[in-house]
Amino acid sequence: MGQSEQGDRRAIVFDLDGTLIDSAPGIAAAVNRTFAAHGLDETPPDLIAGLIGHGAYRLVADLLARQFIPAAPADIAFLTEAYLDSYAEAPLEGTTVYPHVAEDLAALSEAGWRLGLCTNKPQALALSVLGGLGLDHLFDAVRGADAVTARKPDPGHLRAVIAALEVDTAIYVGDTEVDEATAQAAGVAFRGVGWAAPGRLSGPDAARLSRLSDLMAS
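Residues numbered from 1 in each chain as written. Predicted model: local features only at pLDDT ≥ 70, side-chain atom pairs only at ≥ 80, totals over all residues. Heavy atoms only, no water.

Draft legend 1. Quick look at the confidence of the model for the chain. With 96% of its residues at a pLDDT of 70 or more, the chain has an overall mean of 94. The low-confidence segment residues 1-7 (pLDDT under 50) makes eight contacts with residues lying over four places distant or belonging to another chain. (pLDDT = per-residue confidence, 0-100. Contact = heavy atoms within 4.5 Å.)

Draft legend 2. Geometry of the packing of helix α8 (residues 155-164) against helix α9 (residues 177-186). Between α8 and α9, the least distance of the axes is 8 Å, while the angle of their chain directions is 75 degrees. By the angle between their axes, α8 is roughly perpendicular relative to α9. Along the contact surface, α8 presents P155, L158 and R159, while α9 presents T182, A183, A185 and A186. In terms of residue class, the contact of α8 with α9 is made up of five nonpolar, one polar and one charged. (Axes fitted to C-alpha atoms, helices over the stretch in contact; angles between N-to-C directions. Helix = DSSP H or I, 4+ residues; strand = E, 2+ residues; numbered from the N terminus. Parallel < 35°, antiparallel > 145°, perpendicular 65-115°, else oblique. Nonpolar A, V, L, I, M, F, W, Y, C, P; charged D, E, K, R; others polar.)

Draft legend 3. A look at the sheet that holds strand β7 (residues 189-192). With respect to topology, five strands assemble into an open sheet ordered β5-β4-β1-β6-β7, the strand pairing being parallel. Of all the strands in the sheet, the pair left with one neighbour each is β5 (141-143) and β7. Taking each pair of neighbouring strands and ignoring which way they run, the sheet shows an average axis angle of 20 degrees. With three bridges connecting them, strand β4 (residues 114-118) and β5 associate as parallel partners. Across the sheet, G116 pairs through a bridge with A141, a residue of β5. (Pairing = 2+ DSSP bridges.)

Draft legend 4. Summary view of the packing of aromatic side chains. According to the stated counting rule, one finds four aromatic pairs in the structure shown. Here the aromatic rings of F14 and F139 are separated by 6.5 Å at their centres, their planes lie at 85 degrees, and the arrangement is edge-to-face. With F14 in strand β1 (residues 11-14) and F139 in the loop between α7 (123-132) and β5, this residue pair connects regions lying 125 residues apart in the sequence. On the basis of relative accessibility, which here comes to 0%, the residue F14 falls in the buried class. F139 sits in the buried class, given a relative accessible area of 9%. (Phe/Tyr/Trp six-rings, centres within 6.5 Å; stacked < 30°, edge-to-face > 60°. Buried < 20%, exposed > 50% of the residue type's maximum accessible area, 1.4 Å probe, protein only.)

Draft legend 5. Spatial organisation of the pattern of salt bridges. In total, this model carries 10 salt bridges according to the counting rule given. The residue R114 makes a salt bridge to D140 at a minimum N-O spacing of 4.0 Å. You can see R114 sitting in strand β4 and its partner D140 sitting in the loop between α7 and β5, a full 26 residues away along the chain. Note on D140: relative accessible area 39%, which makes it partly exposed. The closest approach of N and O atoms between K152 and D179, which form a salt bridge, is 2.8 Å. With K152 in the loop between β5 and α8 and D179 in helix α9, the pair connects residues that are 27 residues apart, well separated along the chain. Of the two residues, K152 and D179, neither departs from the other in class, the shared state being buried. Among the charged side chains, a salt-bridge network with shared partners connects D15, K152 and D179. (Salt bridge = Lys/Arg side-chain N within 4 Å of Asp/Glu carboxyl O.)

Here you go:
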């Protein structure tokens, strides 16, 4: 592919959790099951929802810190693996696609946009969720946290997706400060979704997407 042709191709990269899907209830259920199985306290789902975005290890570490439980990295890694195993047993539990997301992704793809996914979910789990929700065919490139050498907010994660899409640049769409920081570090234009949880994005509400089809005008 020539450089000019590559540069002319349009691409949008999306975060997954909280951007395309509401997976917080399922994540909360899985991590609380894991904590309860190891004699630890459960955490209200709304508090867990506010911690999602940095990846499974960080989520477990943050929940342990909230309970004032000192834990060595090996202990956190053990609980993280147990949580991910529990989550993988029922990856669609409590998970829904946000309104209009499926149809808007299809419309963007049909309009010529190449679509990518940059998520801190493990690769296999992300693909399982996308497949179970019928969204997998819409993406030209998917990179989970373990499919790259450094995950979000490291800009290399987003750049890896953009490279796989065979474009020079892209728009990145997300719902948390992690996504915002990743785009900024990578030098990529960022758009936040209007359904992001309060306080997780720095940009004004008026600048956020009311639905993904708003990107048609980009």
